[in-house]
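# Tertiary structure, described
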Amino acid sequence: MAATLVNHQVRLAKRPESTATREHWQFTTEAVDEPAEGGVLVKTLSLSLDPAMRGWLNDAKSYIPPVAIGEVMRAGGVGRVLASRNPAFAVGDTVYGTLGVQEYALLPQDAIRRAGLVPIDLRLGTVGQWLNVLGMPGMTGYFGLLDIGQPQPGQTVVVSGAAGAVGQTVGQLAKIKGCRAVGIAGGAAKCDWVVRELGFDACIDYKAGPAAVREGLKQHCPQGVDVYFDNVGGEILDQVLAKLARKARVIVCGAISQYNNANSMPGAGPRNYLSLLVNRARMEGMVVFDYADRYPEAVRELAGYLKDGRMKSKEDVVLGLDTFPESLAKLFSGGNFGKLVLQVAAD
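Let us look at the structure shown here. Keep in mind that what you see is a predicted model, and the values were worked out from it rather than measured. (Residues numbered from 1 in each chain as written. Predicted model: local features only at pLDDT ≥ 70, side-chain atom pairs only at ≥ 80, totals over all residues. Heavy atoms only, no water.)

### Observations regarding the packing of helix H4 (residues 136–149) against helix H10 (residues 295–308)
Rules: Angles run from 0 to 180 degrees between N-to-C directions of axes, and those axes are lines fitted to C-alpha atoms, restricted for helices to the stretch in contact. Secondary structure elements are defined from DSSP: runs of H or I of at least 4 residues count as helices, runs of E of at least 2 residues count as strands, and each element is numbered from the N terminus. Our angle categories are set so that under 35 degrees counts as roughly parallel, over 145 as roughly antiparallel, 65 to 115 as roughly perpendicular, and the remainder as oblique. Two residues form a contact once any of their heavy atoms are found within 4.5 Å. Residues are grouped as follows: Ala, Val, Leu, Ile, Met, Phe, Trp, Tyr, Cys and Pro are nonpolar; Asp, Glu, Lys and Arg are charged; all remaining types, including Gly, are polar.
Between H4 and H10, whose axes approach to 10 Å, the crossing angle comes to 95 degrees. Here H4 is positioned roughly perpendicular relative to H10, judged by the angle of their axes. Facing H4, whose interface residues are Gly 138, Met 139, Tyr 142 and Phe 143, H10 presents Tyr 295, Glu 297, Ala 298, Val 299, Glu 301 and Leu 302. Of the residues belonging to the contact of H4 with H10, the class tally is seven nonpolar, one polar and two charged.

Right, here's the structure in full:
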C-alpha cells in the first residue's frame, strides 16, 4: 500500500533573519515506506500553525532544538493511522502528535514518544478543536492560567492576543473560574467577537491608536491587573506592567510582536519591570511541554466545557501544503481570525 504513495513535504531551506517567506522553504517529494517493527505510518489531516514555529527556525539555544536546515518543518497535527506495527495504534485510529509539515509521517518506534503521538477521540471534539482548545494552544492556556496565574474569583485577568488560539481559551476559562476577563486584540471585528461570542467583559483594540492600550486598561481595569497572560511582549507588555495590582502574576507565554525582528532576540526586556518590585508581583515563563503528562486532565475538563456550551472554539482554516509559507506569515501580520489550521487532507 505505502509503496504507491508519494509524500509531499516542506523543508527548511535557509534560516530567516526576519519574516520567513517562500524562499526559506523547499518543497520536496519522496516515496512512502512501510513502517518497521514498532513503527506507524500516519496520514496527515490537519496541522497546527503556531507563533512558536518562528522561534524554532532560529539557530539559538531554546527549550527545544531548532529545526535543522533540510529538515521537514516541525508542526503538531492530527492524522489517521494508515499502517501500524505497534500494538498501541490500530489502523484507522485518529492520532495527535508532531507530524511535521508533510502529507505522511512515518514514525519508527523510538520516534513515537518524541512526537507525543497519542490516539484521540473525535467524539470529544472536531479535528480543528483538537488543534485548538483540546490541543497545544488549549493546554498552554489551561496550565499557564491555572497553574502559574492561579486566578481567584473576582480578580481581573488580562490576556493579549485574545482572539488567537491561546487567548480565546484563557479568557473563556477565566470567566468560567469566576474572574473578570479583559482581552487585547487587533481590530474592531476581533474585539467585538471576543466580547459578544466568547463572553469577555471587555476587549481593547490595540490598533485604535497609540494610547488605546493605556486608556483601555485605565477604563476596564480600574483596580489594576491581577493576572496578565502575555502572548505578544513588546509595548503592550510594558503598558500592562504599569497597571499591575498588588501580588499580580504575569505569565510569559510568547512575544509574537518581536519574533520577526531582524538580528535581535525576541523580547529585549520590558522598561516597566520595576512594577514587579513595587507591587510584589511575579513574572514566570511557561512552556506547555512541561505539562505533557497532565494533558489528559485538561482535555477532560475543556471537552466538558465545549460540550455544555460554556466554551467556544474558533478556527481559521487554510487549505493545502503549498500555502504553508504565506499561511504561517498570517500569524505575524494578524491576518488570522481564530486558531490557524492548515488542512492537508479531507477527513
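### Some points on the nonpolar core
Going by this rule: Nonpolar cores were defined as sets of buried Ala, Val, Leu, Ile, Met, Phe, Trp, Tyr and Cys residues, with membership established by side-chain atoms within 4.5 Å. For each residue, the accessible area found with a 1.4 Å probe, counting protein chains only, is set against the maximum for its type, and the residue is called buried under 20%, exposed over 50%, and partly exposed in between.
By size, the foremost hydrophobic cluster in this structure holds 47 residues, and its most contacted members are Val 78, Leu 134, Leu 145, Val 194 and Leu 302. Elements with a contribution of two residues or more to this core: helix H3 (127–130), H4, strand S8 (156–160), helix H5 (165–176), strand S9 (180–185), helix H6 (188–196), strand S11 (225–230) and H10. When near neighbours in sequence (up to four residues on either side) are disregarded, Val 194 contacts Ala 162, Ala 163, Gly 199, Phe 200 and Cys 203. In this structure, Leu 12, Val 42, Phe 89 and Leu 99 belong to the second largest nonpolar core, which totals 34 residues.

### Re the sheet that holds strand S12 (residues 244–252)
Quick note on the threshold: Pairing between two strands requires that DSSP report at least two bridges joining them.
Across the sheet, six strands lie side by side as S10-S9-S8-S11-S12-S13; this open sheet has parallel pairing. Edge positions in the sheet fall to strand S10 (202–205) and strand S13 (282–285), since each has one partner strand and no second. Along the sheet, successive strands turn relative to each other by an average axial angle of 15 degrees, direction set aside. The sheet contact formed by S9 and S10 spans four bridges and is parallel. Opposite Gly 183, over in S10, you have Cys 203 as the bridge partner. The strands touched by H4 within the sheet are S8, S11, S12 and S13, with S11 carrying the most contacts at an inclination of about 145 degrees.

### A look at a nonpolar patch on the surface
Test applied: Patch membership requires over 30% relative accessible area and the absence of a salt bridge. Like charges are linked within 9 Å, and nonpolar side chains (Val, Leu, Ile, Met, Phe, Trp, Tyr) within 5 Å. Each accessible area is a Shrake-Rupley result for a 1.4 Å probe, and residues are judged covered by the shown protein chains and nothing else. Whenever Lys or Arg places a side-chain nitrogen within 4 Å of a carboxyl oxygen from Asp or Glu, that contact is recorded as a salt bridge.
A cluster of nonpolar side chains, contributed by Tyr 273, Leu 274, Leu 277 and Val 278, occupies part of the molecular surface with about 440 Å² of accessible area. Topologically, Tyr 273 is positioned in the loop between S12 and helix H9 (274–278). Tyr 273 gets classed as partly exposed once you look at its relative accessible area, which sits at 48%.

### Digging into the side chain of Arg 54
We apply this condition: None of His or the chain ends enter the tally, which takes Lys and Arg as positive and Asp and Glu as negative. Think of a polar contact as two N or O atoms within 3.5 Å of one another; within protein, one of them needs to be a possible hydrogen donor and the other a possible acceptor, and neighboring residues in sequence only count if both atoms come from side chains.
With respect to the helices, strands and loops of the structure, Arg 54 is situated in helix H1 (residues 52–55). No salt bridge is formed by the buried Arg 54; its nearest oppositely charged neighbour, Glu 17, is found at 8.6 Å. Within polar-contact distance, the side chain of Arg 54 engages the backbone oxygen of Ser 18 at 2.7 Å.

### A look at H5
Put simply, the test is: Helix span, expected: 1.5 Å multiplied by one less than the number of residues in the helix.
Counted at 1.5 Å a residue, the expected span for H5 with its twelve residues is 16 Å, and the 17 Å between its end C-alpha atoms agrees. The buried fraction of H5 is high, at ten of twelve residues. Those residues of H5 that fall on the buried side of the exposure criterion are Ala 165, Val 166, Gly 167, Gln 168, Thr 169, Val 170, Gly 171, Gln 172, Leu 173 and Ala 174. Just past H5, the residue Gly 178 takes up positive phi, approximately 90 degrees.

### Focus on the environment of Ile 64
Inspection of the secondary structure assignment puts Ile 64 in the loop between H1 and strand S4 (76–84). As a C-alpha pair, Ile 64 and Val 287 span 223 residues in sequence and 10.0 Å in three-dimensional space.

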